[in-house]
Amino acid sequence: MDADWIPFHPNPKKPDFVLPKGAVDAHCHVFGPAAEFPFAPERKYTPCDAGKDKLYALRDFLGFERNVIVQATCHGRDNRAMVDACRAAGDKARGIASVGPDITEAEIRDMDAAGVRGVRFNFVKRLVDATPKEVFLGIADKIKEFGWHIVVYFEAQDLEELVPFLQQLPTIVVVDHMGRPDVTKGVDHPDFQRFADLMADNENIWSKVTCPERLTAVGPPYDDVVAYAAHIVERFPDRVLWGTDWPHPNMKSHMPDDGALVDYIPRIAPTAEQQQSLLVDNPMRLYWA
Ligand code: 0GY
């Protein structure tokens, strides 16, 4: 484990917000355990073990019914830990894989049977070495035949350059953490509005309104992030997803309390209708239909 890795929150609270029946934690990861599923040699960080048993105990404690497990970069393109976690959950988990251009139809079919429904294209330089866009487009062509979609992770300063590429993608595209806006700039700043406009102009682009703990400049309870997520939820209620991001890779400032993160949900999705879309209807339509 990296020397500066922050331990798990010692005593997560039981959320005050009661999640709607059938709620999905649509962004979380598993790490290892390394003895069974070694981390990738090319990884940029080495986390603690955080396996499926801990994830599913947290799911039950918080009141979620299902998970979408996103392949974490510390496992590279070795999707075994994520696939094993999906299989172990029965129908209660879906997965997002990280694959290379050599992925075969048989491998896609096998992962599909385990519950995988998409691939992640990562542009965050501190997490991965760059992949050429043509390679991603080739992967997109292969996976679209299976009805899979694409999750993209990038930082705000890269959005302008990425727009033409994002618009070429032939599937639903889910953007992680609202494209990581700089929340010191304001919701009306052209940078954030560029992201909102991208969603307005492209009906296949969705957003995870996740990770206030990563975006905040002031810390919990993340007052400075609320307006950004609330803006996206209000404008695009049928194209938003929410997740804990457990086990919170690379948090340097603090380790969030997952119960407090659940209590943040009604601040960004104040109505029961928005909550039902965000937590149940949207993820069920995208991952379980
Ligand atoms: C996240 C964010 C991060 C890490 C990863 O796959 C990953 O390693 O996604 C991050 O460090 O910002 O979505 O979990």
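**Some words on the overall build of the chain**
For the chain, the helix and strand inventory stands at 10 helices and 8 strands. For a compact globule of 289 residues, the expected C-alpha radius of gyration is about 19 Å, and the chain comes in at 18 Å, within 12% of that figure. Overall size of the chain, expressed as C-alpha extent along the three principal axes, is 45 × 40 × 40 Å. Here the chain holds 289 residues, and 60% of them are scored as buried. Of all intrachain contacts in the chain linking residues separated by at least 6 positions in sequence, the fraction that spans at least 24 positions is 76%. With an accessible surface of roughly 11900 Å², the chain has 51% of that area assigned to carbon and sulfur atoms. Counting 32 positive and 44 negative side-chain charges, the chain places the averaged centre of each group 3 Å from the other.

**Comments concerning the sheet that holds strand S5 (residues 149–153)**
Read across the sheet, 8 strands follow the order S1-S2-S3-S4-S5-S6-S7-S8 without closing on themselves; strand pairing throughout is parallel. Of all strands in the sheet, those bounded by a partner on one side alone are strand S1 (24–28) and strand S8 (240–241). Pairing of S1 with strand S2 (residues 66–70), which is carried by 3 bridges, proceeds in the parallel orientation. When the sheet's bridge partners are listed, Asp 25 is paired in S2 with Asn 67. Against the sheet, helix H4 (residues 133–144) engages strand S4 (116–122) and S5, with an angle of about 170° to S4.

**Comments concerning the site of the ligand**
Looking at the ligand, there are 16 residues lining it, with His 29, Tyr 45, Thr 73, Tyr 153 and Asp 245 nearest. One nitrogen or oxygen atom from the side chain of Arg 214 is found 3.4 Å from an oxygen atom belonging to the ligand. Protein burial of the ligand: of its 340 Å² of free accessible surface, 100% is covered by the chains. With respect to the pocket detection grid, the ligand is positioned in the largest cavity. Class assignment of the residues belonging to the shell around the ligand gives a composition of 5 nonpolar, 6 polar and 5 charged.

**Notes on the packing of helix H2 (residues 80–88) against helix H3 (residues 105–114)**
Where H2 contacts H3, the two axes come as close as 8 Å, and the packing angle between them is 40°. In terms of orientation, H2 lies oblique with respect to H3. Mapping the contact onto sequence places Val 83, Cys 86 and Arg 87 in H2 and Asp 110, Met 111 and Ala 114 in H3. In terms of residue class, the contact of H2 with H3 is built from 4 nonpolar, no polar and 2 charged.

**Considerations on the state of the cysteines**
One pass over the structure, following the stated rule, counts 0 disulfides. Free of any disulfide, Cys 28 has its nearest cysteine sulfur in Cys 86, 9.1 Å distant. Here Cys 28 falls in the buried class, since its relative accessible area comes to 0%. Cysteine Cys 48 shares no disulfide, and the gap to the nearest cysteine sulfur, in Cys 74, comes to 9.4 Å.

**A word on the pattern of salt bridges**
Here the structure, examined in full by the defined rule, presents 24 salt bridges. For Lys 13, the salt bridge is made with Asp 16, and the minimal N-O distance between the two is 3.0 Å. Look at Lys 13 and you get partly exposed, because its relative accessible area is 27%. Taking the shortest distance from any N to any O, the salt bridge between Asp 191 and Lys 185 comes out at 2.7 Å. Residue classification places Asp 191 among the partly exposed positions, given a relative accessible area of 28%. Lys 185 sits in the partly exposed class, given a relative accessible area of 40%.

What counts as what
Residues numbered from 1 in each chain as written. Predicted model: local features only at pLDDT ≥ 70, side-chain atom pairs only at ≥ 80, totals over all residues. Heavy atoms only, no water. Helix = DSSP H or I, 4+ residues; strand = E, 2+ residues; numbered from the N terminus. Rg over C-alpha atoms; globule rule 2.2 N^0.38 Å. Buried < 20%, exposed > 50% of the residue type's maximum accessible area, 1.4 Å probe, protein only. Contact = heavy atoms within 4.5 Å. Areas by Shrake-Rupley, 256 points an atom, 1.4 Å probe, with all protein chains shown as cover. Lys, Arg positive; Asp, Glu negative; His and termini not counted. Charge placed at Lys NZ, Arg CZ, Asp CG, Glu CD. Pairing = 2+ DSSP bridges. Axes fitted to C-alpha atoms, helices over the stretch in contact; angles between N-to-C directions. Near = heavy atom within 4 Å. Polar contact = N/O pair within 3.5 Å; in protein donor to acceptor, adjacent residues only side chain to side chain. 1 Å grid on protein atoms, 1.4 Å probe; cavity = no way out; pocket = protein on both sides within 12 Å on 5 of 7 lines; lining within 4 Å. Sits in = over half its atoms within 2 Å of the grid points. Nonpolar A, V, L, I, M, F, W, Y, C, P; charged D, E, K, R; others polar. Parallel < 35°, antiparallel > 145°, perpendicular 65-115°, else oblique. Disulfide = S-S within 2.5 Å. Salt bridge = Lys/Arg side-chain N within 4 Å of Asp/Glu carboxyl O.

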